[in-house]
Amino acid sequence: MQITQIPFGITDWSILSSERKNGETGWADWKVCQFGNIRVRMLEYSPDYKADHWCVKGHILLCLEGELFTELEDGREFVLRPGMSYQVADNAEPHRSYTKTGAKLFVVD
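Because the structure is predicted, anything quoted here is derived from the model rather than measured. (Residues numbered from 1 in each chain as written. Predicted model: local features only at pLDDT ≥ 70, side-chain atom pairs only at ≥ 80, totals over all residues. Heavy atoms only, no water.)

S.K.: Looking at this structure, I do not really get the environment of Leu 61. What am I missing?
M.R.: Here Leu 61 shows up in strand β4 (residues 59-66). In sequence terms Leu 61 and Gln 87 are 26 residues apart; their C-alpha atoms lie 6.3 Å from each other. Filtering out sequence-adjacent residues up to four positions away, Leu 61 remains in contact with Leu 68, Leu 80, Met 84, Ser 85, Tyr 86, Leu 105, Phe 106 and Val 107. (Helix = DSSP H or I, 4+ residues; strand = E, 2+ residues; numbered from the N terminus. Contact = heavy atoms within 4.5 Å.)

This is the structure we're talking about:
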């Protein structure tokens with residue numbers, strides 16, 4: 001990733017409006033800032049949220065609250081708790097996430 005032509009700025013996530021997206025179960029509230037080709041998101045997943053698709057987009061994801069399970073299409077599964085992160089490249093390993101308790105995430109992609 002090369003970050004260019006973005007001046008210094010501060011994002012107050014508390015004042016941004018969110019967009020609700022339904023999962024296979026539950027919902028995800030997305031707050032999004034776009035900086036050129038870099039998307040930065042604050043996501044909140046409801047309890048019992050499960051993604052409705054296998055994702056092939058690359059991400060750097062930090063778990064802020066709750067517990068997030070991420071499964072890879074090959075059957076491996078990982079759990080993230082607050083302070084843990086994962087990173088995956090575009091088109092590297094299809095993945096999808098779910099949570100039993102809810103989760104809050106910070107994502108750069």
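Past the structure itself, the notes keep going.
S.K.: I would appreciate a short explanation of the state of the cysteines in the present structure.
M.R.: Cysteine pairs can be linked by a disulfide, which is a covalent bond between their two sulfur atoms. Evaluation of the coordinates by the stated rule reveals zero disulfides. Here Cys 33 is not disulfide-linked; the sulfur of Cys 55 is the nearest cysteine sulfur, at 19 Å. The structure places no disulfide on Cys 63, whose sulfur is separated from the nearest cysteine sulfur, that of Cys 55, by 17 Å. (Disulfide = S-S within 2.5 Å.)

S.K.: What exactly am I supposed to notice about the packing of aromatic side chains here?
M.R.: Remark: the centre distance and the inter-plane angle together describe each pair of aromatic rings, the angle taken between the planes. With the rule as written, the count across this model stands at three aromatic pairs. Taking 6.1 Å as the distance between ring centres and 90° as the angle between the ring planes, the aromatic pair formed by Trp 13 and Phe 106 counts as edge-to-face. With Trp 13 in the segment before β1 (19-22) and Phe 106 in strand β9 (residues 103-108), this pair connects stretches of sequence that are 93 residues apart. Among the residues examined, Trp 13 registers a relative accessible area of 16% and is labelled buried. Under the relative-accessibility criterion, Phe 106 is labelled partly exposed at 28%. Both rings, one in Phe 69 and one in Tyr 98, keep their centres 5.0 Å apart while their planes meet at 10°; by these two values the pair is stacked. Taken as a pair, Phe 69 in strand β5 (residues 68-72) and Tyr 98 in strand β8 (residues 95-98) lie far apart in primary sequence, 29 residues in all. Assessed through its relative accessible area of 18%, Tyr 98 is described here as buried. A cation sits over an aromatic face here: Lys 21 above Trp 30, 4.4 Å from the ring centre. (Phe/Tyr/Trp six-rings, centres within 6.5 Å; stacked < 30°, edge-to-face > 60°. Buried < 20%, exposed > 50% of the residue type's maximum accessible area, 1.4 Å probe, protein only. Lys NZ or Arg CZ within 6 Å of the ring centre and 35° of its normal.)

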